[in-house]
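Report on the structure
If you want the building blocks of each chain, they are given just below.
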Amino acid sequence: MESTSLNFFGINIEQEGDTQDCAAFQTAEIPPELESEMMRMQTENESLLKKAELPLPLTIIKFISWFGWIVVLLGTLKSDVSFMEGYRNAPALHWGGVICFFLWLGIFLYGRKRMKQIDKSTDLAEHIQDSEKLYSDLRQALAVPEDAREMDVLGEHYVLKDGKPRHKDAGLTQYLNFNMAAFVRDGNFCLADTVQRWEIPLSSIRSMTLVKKRVSFPEWHKDEPFNSKKYKPYKITSNSYGHFFSYYYRIEIHDIRGDFFLLVPHFDGEVFTELTHIRPEENQ
């Protein structure tokens, strides 16, 4: 990172708190009563998930029985003798494998039944209805229009060294990706999450450049899979940890409040262009 401009959604991890650098552009936030409702809904969600979980003793037995069944099965497949001869030599071992399998299967089916009971419960239906209403109230409080587009942005951790920002990975990925509602209003490019809204004057956006360097981020927020036909042209990849890799656009912002850049994954660049009519420049 050669310039002294900052990631719009960057956080200096050496400072106290988690204030993002875009705070100066914030123009709205949800009222305290909606924030309290969000906390209540989160607690309720955790309670429902806990009801669907198996008790700890059953979870342990399920793992042990699965492991025992797999050990016996692999031992049988890799042995040099026939199944019947192996059974005659060690009948208790084979019966132990069968018992482990049916024990694992029984606990598995019981867990499925618990999950289906939660799915059909009145509590879950009311929770979903309340969640949908809360989501609507949050968007209304932040004045997010119905036709707002969904767009990811890349947040970043950094430290200052010799007065310049130096990138730091965010855990096991290089960046964090946040799903935003994006729209244009009164000459401003607006972004909103569930609790606040930011506005960037279109006149302060100077350029948009595709950086052909893959960076990693942890979440996939789209309805269609990353490897679906829709996203195939963007050559998104994933690793064994479930992290994703993509090119990205760097959007330069020069404003009276400071110099910033917004990072948008390659697959959402068209959303930004359609809203702002700013097209990408060639990366030299």
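Placed above this text is the structure.
Here's a quick rundown of the structure. Quick caveat, the model's predicted, so the values are computed rather than measured. (Residues numbered from 1 in each chain as written. Predicted model: local features only at pLDDT ≥ 70, side-chain atom pairs only at ≥ 80, totals over all residues. Heavy atoms only, no water.)

Things to note about the pattern of salt bridges
Applied cut-off: Salt bridges are identified by distance alone: a Lys or Arg side-chain nitrogen within 4 Å of an Asp or Glu carboxyl oxygen. Strands are runs of DSSP state E lasting at least 2 residues, helices are runs of H or I lasting at least 4, and numbering of each runs from the N terminus. Here's how the labels work: a residue is buried when its accessible area is under 20% of the maximum for its type, exposed when over 50%, partly exposed in between, all with a 1.4 Å probe on protein chains only.
Counted by the stated rule, this structure contains seven salt bridges. Across the pair K133 and D137 runs a salt bridge whose closest N-O atoms are separated by 2.9 Å. Within this pair, K133 and its partner D137 are both found in helix α5 (residues 122-141), separated by four residues, close to a single helical turn. For D137, a relative accessible area of 24% gives the class partly exposed. A salt bridge links R250 to E252, with the shortest nitrogen-to-oxygen separation between them at 2.5 Å.

Some words on a nonpolar patch on the surface
What counts here: Patch criteria: residues need more than 30% relative accessible area and no salt bridge. Like-charged residues are merged within 9 Å; nonpolar side chains of Val, Leu, Ile, Met, Phe, Trp and Tyr are merged within 5 Å. Accessible areas in this description were obtained via Shrake-Rupley with a 1.4 Å probe; residue shielding takes into account the shown protein chains only.
Among the surface-exposed residues, L56, I60, F63, I64, W66, F67 and V71 lie close enough to one another that they form a single nonpolar patch of about 730 Å² accessible area. Judged by its relative accessible area of 36%, W66 falls in the partly exposed class.

Details of the packing of aromatic side chains
As a reminder of what qualifies: Working definition: a ring pair exists when centres of Phe, Tyr or Trp rings (six-membered ring for Trp) sit within 6.5 Å. Plane angles under 30 degrees give stacked, over 60 give edge-to-face, the rest tilted.
Under the defined criterion, the tally for this structure stands at 16 aromatic pairs. With 5.1 Å between their ring centres and 75 degrees between their planes, F8 and F9 make a pair best called edge-to-face. F9 matches F8 in its accessibility class, with the two residues each being buried. Ring plane angle 90 degrees and centroid distance 5.1 Å describe the contact between W220 and Y231, whose orientation is recorded as edge-to-face.

Concerning the side chain of S207
Definition in use: Throughout, a residue-residue contact means that at least one pair of heavy atoms, one from each residue, lies within 4.5 Å.
On the secondary structure map, S207 appears in strand β9 (residues 205-217). Setting aside its immediate chain neighbours within four residues, S207 contacts R250, I251, E252 and E281.

Remember, this is a structural readout, not a statement about activity or role.
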